[in-house]
There are 2 protein chains.
Amino acid sequence: MKALEEKILAEGQVFPGNILKVSSFLNHQLDVDFLMLMGEEIARLYKDTKIDKILTIEASGIAIAVAAAAHMHLPVVFAKKNKTTNILADVYSSRVMSFTHNTEYQVVVSKEHLKEGENILIIDDFLAIGNALNGLMDIVSQSGGKTAGIAIAIEKGFQGGGDKLRSQGIRVESLAIVDSMTDDSVKFRPQ
Amino acid sequence: MKALEEKILAEGQVFPGNILKVSSFLNHQLDVDFLMLMGEEIARLYKDTKIDKILTIEASGIAIAVAAAAHMHLPVVFAKKNKTTNILADVYSSRVMSFTHNTEYQVVVSKEHLKEGENILIIDDFLAIGNALNGLMDIVSQSGGKTAGIAIAIEKGFQGGGDKLRSQGIRVESLAIVDSMTDDSVKFRPQ
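Residues numbered from 1 in each chain as written. Chains lettered and ligands numbered in written order. Predicted model: local features only at pLDDT ≥ 70, side-chain atom pairs only at ≥ 80, totals over all residues. Heavy atoms only, no water.

Caption draft 1: Main features of the pairing of strand β4 (residues 53–57) of chain B. Residues and elements named next belong to chain B. Most of β4 sits out of view: five of its five residues are buried. The side-chain alternation of β4 yields two buried faces, one formed by K53, L55 and I57 and the other by I54 and T56. Here β4 pairs with strand β8 (residues 119–127) via three bridges, running parallel. Counted as the bridge partner of L55 is I122 from β8. By the bridge criterion, four bridges tie β4 to strand β5 (residues 76–82) in an arrangement that is parallel. Among the inter-strand pairings, T56 is bridged to a residue of β5, identified as F78. After leaving β4, the chain enters helix α3 (residues 61–72) and then returns to the sheet as β5, a path that is right-handed. (Buried < 20%, exposed > 50% of the residue type's maximum accessible area, 1.4 Å probe, protein only. Helix = DSSP H or I, 4+ residues; strand = E, 2+ residues; numbered from the N terminus. Pairing = 2+ DSSP bridges. Right-handed = clockwise from strand over helix to strand, strands pointing away.)

What follows is the structure, encoded as structure tokens:
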């Protein structure tokens, strides 16, 4: 999505540790008009795919998932992050290692909101290593549903998570894929 | 908002400790088509008020704030909840006591996303005692902005937070106000 690449070039900031800061429009402040355009693009990419529900993860996945759902007229379920290890019986949960924060957490979804046989589109704002996505796919699998595809705002292609998922036959659509970044340049993968 | 009252009656569940569970459409699973209608109603209520930006708090405030912002064509800033006490210099922060979880946390917003003189509409999914809202208003005040009003999906009127704010001259619009609730009945304040 050309407009997203241009927005990243205009507003994004690169910090040490492979951090691409886009908090002016995607994950602290939200440019909602622009988010709705991103949601429309996700709807277009998946318009021929049977999808029953969107799954995302709190907090910053919620906004882009809602924007896509508004165009696709689908419900969203957002997984919660739980730092405690005592998990209730009526939830699906999966353990996720966070590289950004160097901590481990549980991804949790109530069993009543994911049902057997559902086709799930997983949406998140960022894809790097792919650990959070693996946790979400694990939860879809536990529920007896099927991951119909993944949609991401910004994929950090050089961290390999997206291509690893694609090599497993999973459809991953990223609105922008960063192939390399330094203090003064961000390069995108042609799509 | 009559449609919201009907949805609460159809899907809400009352649990001990004044818990109104609406996780089927508002704060775990999201009925996005319905959220967009709620957002449209918030936009209608505040159509004659000068607002520059919407402020909400992660996680479940984000969805309703995005829905309103999509109709109002405004940016959203979502405050983050921080359980640690070490706060960076470049943020506004305020301490909030959570009655639901019986814990204390910091509400944090980066200084770059709230500016002096801005008119802020605060949006959240629930209003009970009003502690989170007080934290958000404190942050708006720290930034030199003005709280132009508050919009809430569901106010628990019997817990008094909304009326306390109104008595201070703050405009609080709640799409549904629960005046009392028991296991088998939820009663709304006429609006």
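So much for the structure itself; the text now carries on.
Caption draft 2: Examining the relation of the copies chain A and chain B more closely. Once turned by 180° and shifted 0.0 Å along the axis, chain A lies on chain B with an RMSD of 0.0 Å. Between the two chains, the operation in question is that of a two-fold axis. Taking C-alpha positions as reference, the residue of chain A nearest the rotation axis is A59(A), located at 2.6 Å. When the interface residues of chain A are mapped onto chain B, 100% of them are again interface residues, pointing to one common binding face. (Least-squares fit on C-alpha atoms with pLDDT ≥ 70 in both. Contact = heavy atoms within 4.5 Å.)

Caption draft 3: The arrangement of the interface of chain A and chain B in detail. Across the contact, 31 residues belong to chain A and 31 residues belong to chain B. Summed over both sides, the interface of chain A with chain B buries roughly 2,500 Å², with 61% coming from carbon and sulfur. Summed over the shared surface of chain A and chain B, the result is two salt bridges. Here K21(A) ties to E112(B) by a salt bridge, and the two come within 2.7 Å at their closest N and O atoms. Counting across the interface, chain A meets chain B through 16 residue pairs in polar contact (both at pLDDT 80 or more). Counting only elements with at least two residues in the side of chain A that touches chain B, the list comes to β3 (29–30), α2 (32–45), α3 (61–72), β5 (76–82) and β7 (103–110) of chain A. Here the element with the most residues in the side of chain A that touches chain B is α3(A); it accounts for five residues. Looking at the side of chain A that touches chain B, its residues break down into 16 nonpolar, nine polar and six charged. When β3(A) meets β5(B), the two strands line up antiparallel, connected through two bridges. Within β5(B), the residue paired with L30(A) across the bridge is V76(B). (Buried area = accessible area lost by both parts, 1.4 Å probe. Salt bridge = Lys/Arg side-chain N within 4 Å of Asp/Glu carboxyl O. Polar contact = N/O pair within 3.5 Å; in protein donor to acceptor, adjacent residues only side chain to side chain. Nonpolar A, V, L, I, M, F, W, Y, C, P; charged D, E, K, R; others polar.)

Worth remembering: the numbers are spatial, not functional.
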